[in-house]
Amino acid sequence: MHFGLSEEQEMIVETVRAFVETEIYPHENEVERSGIVPPELGDEIRRKCIDLGFYACNFPEEVGGAGLDHVTFTLVERELGRGSLGLTVFFGRPSGILMACEGEQRERYLLPAVRGEKIDALAITEPDAGSDMRGMKCAARRDGSDFVLNGTKHFISHADVADFVIVFAATGEEETPKGIKKKITAFLVDRGTPGFEILGGYDSVSHRGYHNSTLSFTDCRIPASQVLGEVHRGFEIANQWLYGTRLTVAATCVGRARRVFDMTLPYAAERKQFGKPIGANQGVSFKLADMITEIDAADWLTLAAAWRLDAGLSADRQIASAKLYASEMLARVTDEAIQIFGGMGLMDDLPLARFWRDARVERIWDGTSEIQRHIISRDLLRPLGA
């Protein structure tokens, strides 16, 4: 077994980390204070990412992406996790689901998204349908060669800066072993389409500057040519996409935890109380030992799941385990870091309180911890008939 990175991977890690430190870190405090990323700053980050050759690095080379394998892309996400999400979103990783585009959709949506000319957003969650995707009420009915969409989506990340939205809506029902479930279809909907409004979202304690929006659809007419994939097959497409985003959450949690640890270790070595460094006390040194052990464990768990994808092996359980463990690890690490820093850890002079608040949402979005435990336990028990 080989656990080292290739020379190319080492170079990519160093390049992305340097980008985050020079292009993201300097703006974090202002974004945290104002809750806003100025449009010109977002455009500047996107342009520099394109110049660096990393925009849409999660897409294959045949459509203009960098063609990174899953392990290398996970390393990129890990380094981006060190920075403010409100800013790193402009580093450009379009939704992988756009690979389902066909025909004219490729020229209108896929390729412009890969080139950085358009930004997409994904709209699944509703007020009454989060983890229960099949329970969504946003619906589209067929009307000639069009679909007419009605309903509401909320918690839609970065829809405020998106040029188009990938919207999932109920388009029928089917009988399943668990009763009647909605059939789901994905649609490509442009900003400015009549009947489609992007409204303000909720103020969140996590990831300030990374906004969520509420989307409203009122008799919004969408040509059938803007169905992404097949009619009624959106649930399968969404599930395939969600596993990738859960791996991203795990990777970014690891990156953020390492940044927190990199701040905490030297502080414990330099800060003196009662005539000696606080790190000399087991009450602190044992916290550091636990923190780095958990960070390393989450890192290897995440990279191992990415490796399975590259090897063509099933990875649903491993991705769920990585997302579950890394997100809960980040909560523990940020909390312990604040404990080591004491009162200063909660002051705005340091970013620790921000990391602590940001960590809370990681156990919720892209599948709650409870959903991950369900996936893991189901994978273990189903082969035994339970």
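It should be emphasised that the depicted structure is a prediction, and the values quoted were computed from it without experimental measurement.

Further remarks concern the pattern of salt bridges. Enumeration according to the criterion identifies 27 salt bridges in this entry. As a salt-bridge pair, Arg259 and Glu28 come within 2.9 Å of each other at their nearest N and O atoms. Here Arg259, found in helix 6 (residues 234-270), pairs with Glu28, found in helix 1 (residues 7-34); they are 231 residues apart in sequence, far enough to count as distant. Summarising the burial analysis for this pair, Arg259 and Glu28 share the class buried. For Glu126, the salt bridge identified is with Lys153, shortest N-O distance 2.9 Å. Of this pair, Glu126 sits in the loop between strand 1 (120-123) and strand 2 (139-143) while Lys153 sits in strand 3 (residues 146-157), and the two are 27 residues apart along the sequence. We note that Glu126, like Lys153, is buried. In the salt-bridge network here, residues are joined through shared partners; they are Arg17, Arg78, Glu79, Arg82, Arg258, Asp262, Asp296 and Asp299.

It is worth spelling out the packing of aromatic side chains at this point. This model, assessed by the stated rule, comprises nine aromatic pairs. With centroids separated by 6.2 Å and ring planes inclined at 40°, the aromatic side chains of Phe54 and Phe91 adopt a geometry described as tilted. One end of the pair, Phe54, is in the loop between helix 2 (39-52) and helix 3 (70-80); the other, Phe91, is in the loop between helix 4 (85-88) and helix 5 (104-115), and 37 residues separate them in sequence. By relative accessible area, which is 9% here, Phe54 ends up buried. The exposure class of Phe91 is buried, given its relative accessible area of 1%. Ring plane angle 65° and centroid distance 5.1 Å describe the contact between Phe147 and Phe187, whose orientation is recorded as edge-to-face. Of this pair, Phe147 sits in strand 3 while Phe187 sits in strand 5 (residues 179-190), and the two are 40 residues apart along the sequence. A single burial state applies to Phe147 and to Phe187, both of which are buried. Taking NZ or CZ as reference, Lys118 lies 5.5 Å from the ring centre of Tyr109, over its face. Between Arg259 and the ring centre of Tyr25, over which it is positioned, the NZ or CZ distance is 3.7 Å.

Basis of the calculations
- Residues numbered from 1 in each chain as written.
- Predicted model: local features only at pLDDT ≥ 70, side-chain atom pairs only at ≥ 80, totals over all residues.
- Heavy atoms only, no water.
- Salt bridge = Lys/Arg side-chain N within 4 Å of Asp/Glu carboxyl O.
- Helix = DSSP H or I, 4+ residues; strand = E, 2+ residues; numbered from the N terminus.
- Buried < 20%, exposed > 50% of the residue type's maximum accessible area, 1.4 Å probe, protein only.
- Phe/Tyr/Trp six-rings, centres within 6.5 Å; stacked < 30°, edge-to-face > 60°.
- Lys NZ or Arg CZ within 6 Å of the ring centre and 35° of its normal.

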